[in-house]
Each structure stands twice: as structure tokens, then as C-alpha cells.
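Given next are the chains, with one letter for each unit.
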Amino acid sequence: MNSSNKRSIILILSLTGGLLGAVLRLMSVLFAYDKEISYYSSGAILPIISNAFFALAAIGFILLPFLILCKDESVCEPCRTVRYTAVLPALALVCQIYFAATPIPEAIKIMNMYASSEQAVAAALEVFTLTLALFATVISAVFFVSLAISRKTGNGTVLCGVGFILWIALAWMESYTDFLVPMNSPDKLFLHFGYVGAALLTVGELRAICGTAKEKSYYCYLSLSILTLSSATLPAIIGKLCGAYADNSVKMPELVLLGVLIYAVARAVFLLKEQDVVPTPDADEENTSDACAELTEQVHTDTADPQ
């Protein structure tokens, strides 16, 4: 089995595993989720199957590229068609700018109110965190816009990509400290997995832009990102549209991760198409025949020339 076939196997399993993981978790949300306690119903079998599949698939996607890929070749940066899909997370992040900027004036007002009290440090820290989140959101939007419209990516795109990783870290912290959602809530856990997958994919893409991405680690990152993002976004968004939750409002970070998922799927699909671009036997025979004909003609010409 050549390297092209091995890459195709990884990509097909990644797309299939992501779809199956999303379907299993969606069924768990629709048929086994208790919105009153933000957890699955006691004794439900669907969540057990979904979680077991997710764990086994994650372990498999971590090990598979390192086990079957013999060479660790370089991975090229995404083609133009794939980069166009970066518009989707860019649009979500542009909308997120409004929600990130809205709390800042009120936080500054509170900071001035407590300037002479013991709560001044906490108020100042709150303003700093909100300002940092706004900055990370703007830089992240610039990263995806640059990825989508720029003819050539460079160091500026890479730096903005680091800003998106900062946005992921801040969004994860906000979700983790949201005490309105139980700490062991499956939605919170899968959302955190989605953040991890988005960060891994971003690291892989930044390394591809810099020309330092190797296919073993890159295919591992890509496979994990498709699995985690599909399990984190699609079941949650569809479940909310179907009224499966107590709070059925779709959060902006979920839309950002959904855009990143679409980008990851497009990247996998076009990498899969690249594996099919190989010379066919007919083409090889035709090229060989042409070469033989040219060689025969040259021999006859040399023989006919007088010495």
C-alpha cells in the first residue's frame, strides 16, 4: 500500500468518524437529555455508546497517522478553494466583536466606582480581561479574513493565527468559570473538546503556512479537530433548534467553532482529492509509446546520415 492510499484511509476515516460521532451525540441529546438537570437521563444507553465511540475514535486518530504513515513528508498550505471557507468563522468573529465590546464600558464604570476600595484590583482585572478578549476577537477575525482573501500568506497571518489561539484560551476560561452550567455537563465538556480541536487545527495550519508542517502530526491534528468539532457543534446547535435544552439560544462561540469545522472538512476533502491525482496506466503506456517512437525515429535519422 503506497503513501497516497494510506493518507486516503486516514482522511476517509476522519470524515466518517466525525459524522458518526455527531450523529450518536445528537441522538443522545434528542432522546436521552434531561433539560432540567442539564445531564442525560439515568440509565440511558445512547450516551454510553456515544462517549465510548468518541473516546475510542480519539485514541485511534492519535495513533493511526504515526502507525501507518512511513514517511513524514511536508504538508502544503491550503488551496484557494479551502481558504474561501475561512469566511464563515470570520463572519462569526466579526459578530462576536460586538458582544465582546459591550461589557467594557460598564466594567470601567464599576472599576472607577471601586477605585478606592479593596475591590479595585478585581475590578481592574475584569476590565483587563474584557479588553484582552476584545483584542483577541479582532485579531482572530483578521486572521480568517486574511486567510480567505489574501493571495499570499505571511508572517502577519501567522501572528494573527496566534491571536486566534489566545481567543480559544479565553473562550475556554469563560466557559469553565460559567457556574450557571454544571461542571460535569456533557455540553460543557464537549465544548471544551471542541476548543482543543480548533487549537490543534490552527497550530497545524500555521505550521503549513510556515512550511514546517509534517504529515504525521498534521493528519493527527486534522482528524482530531473534525471529530471534536463535529461532536461539539452540530449536536448542540441542532438540539437547541429542536428545543432540547432549557436555554435554546445558540452562543456565538458555537458558531465560530462551526465555521472552523466547515474549514476542517473542506481541508480534508481537498487533501483527499489530491491523493487521487496520480498517473493512470493508460497515460503511462501512452507516454512510453511516444518516447519509444521518438527514439526509433532518432535512430533511423542517425542511420540515414552519411558519415
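Only a predicted model underlies this, so the values are computations on that prediction, with no experimental measurement involved.

Cut-offs and rules
Residues numbered from 1 in each chain as written. Predicted model: local features only at pLDDT ≥ 70, side-chain atom pairs only at ≥ 80, totals over all residues. Heavy atoms only, no water. 1 Å grid on protein atoms, 1.4 Å probe; cavity = no way out; pocket = protein on both sides within 12 Å on 5 of 7 lines; lining within 4 Å. Points joined across faces, edges and corners; volume = space filled by probe spheres on them. Helix = DSSP H or I, 4+ residues; strand = E, 2+ residues; numbered from the N terminus. Nonpolar A, V, L, I, M, F, W, Y, C, P; charged D, E, K, R; others polar. Buried < 20%, exposed > 50% of the residue type's maximum accessible area, 1.4 Å probe, protein only. Core = buried A, V, L, I, M, F, W, Y, C linked by side-chain atoms within 4.5 Å. pLDDT = per-residue confidence, 0-100. Contact = heavy atoms within 4.5 Å.

**Some details on empty space enclosed by the protein**
- Under the counting rule described, the total for this entry stands at one cavity of 30 Å³ or more.
- As a volume, the largest cavity reaches approximately 60 Å³.
- Mapped onto the lining of the largest cavity, the elements with two or more residues apiece are helix H6 (120–149), helix H8 (186–210) and helix H10 (252–275).
- In terms of residue count, the dominant contributor to the lining of the largest cavity is H8 (four residues).
- Among the residues making up the lining of the largest cavity, the classes are represented as eight nonpolar, one polar and one charged.

**Some points on the layout of surface pockets**
- Reported here for the largest pocket is a volume of approximately 1300 Å³.
- Only helix H4 (87–101), H6, helix H7 (155–176), H8, helix H9 (215–241) and H10 provide two or more residues apiece to the lining of the largest pocket.
- The dominant element in the lining of the largest pocket, judged by the number of residues it contributes, is H7, at six residues.
- Residue composition of the lining of the largest pocket, by class: 22 nonpolar, eight polar and eleven charged.

**Regarding unusual backbone geometry**
- The backbone of Ser-38 sits at a positive phi, close to 55°, despite the residue not being glycine.
- When you line up the elements, Ser-38 lands in the loop between strand E1 (33–34) and strand E2 (39–40).
- On the accessibility criterion, Ser-38 (22% relative accessible area) is partly exposed.

**Re the nonpolar core**
- Among the nonpolar cores identified, the biggest contains 49 residues, and Phe-144, Phe-164, Trp-167 and Leu-222 are the most heavily contacted of them.
- Counting residues per element, the ones that place at least two in this core are helix H1 (3–32), H4, H6, H7, H8, H9 and H10.
- If one sorts the elements of this core by residue count, H10 sits on top with eleven residues.
- Counting residues in each nonpolar core, the second largest holds eight residues, with Ala-57, Ala-58, Cys-220 and Leu-224 among its members.

**Thoughts on the confidence of the model for the protein chain**
- Model confidence for the protein chain is summarised by a mean pLDDT of 85, while 89% of its residues fall at 70 or above.
- Here helix H11 (residues 281–304) stands out as the element of the protein chain with the lowest mean pLDDT, 46, in contrast to H9, whose mean of 94 is the highest.
- Per-residue pLDDT stays below 50 along residues 277–289; that stretch engages in one contact with residues further than four places along the chain or on separate chains.

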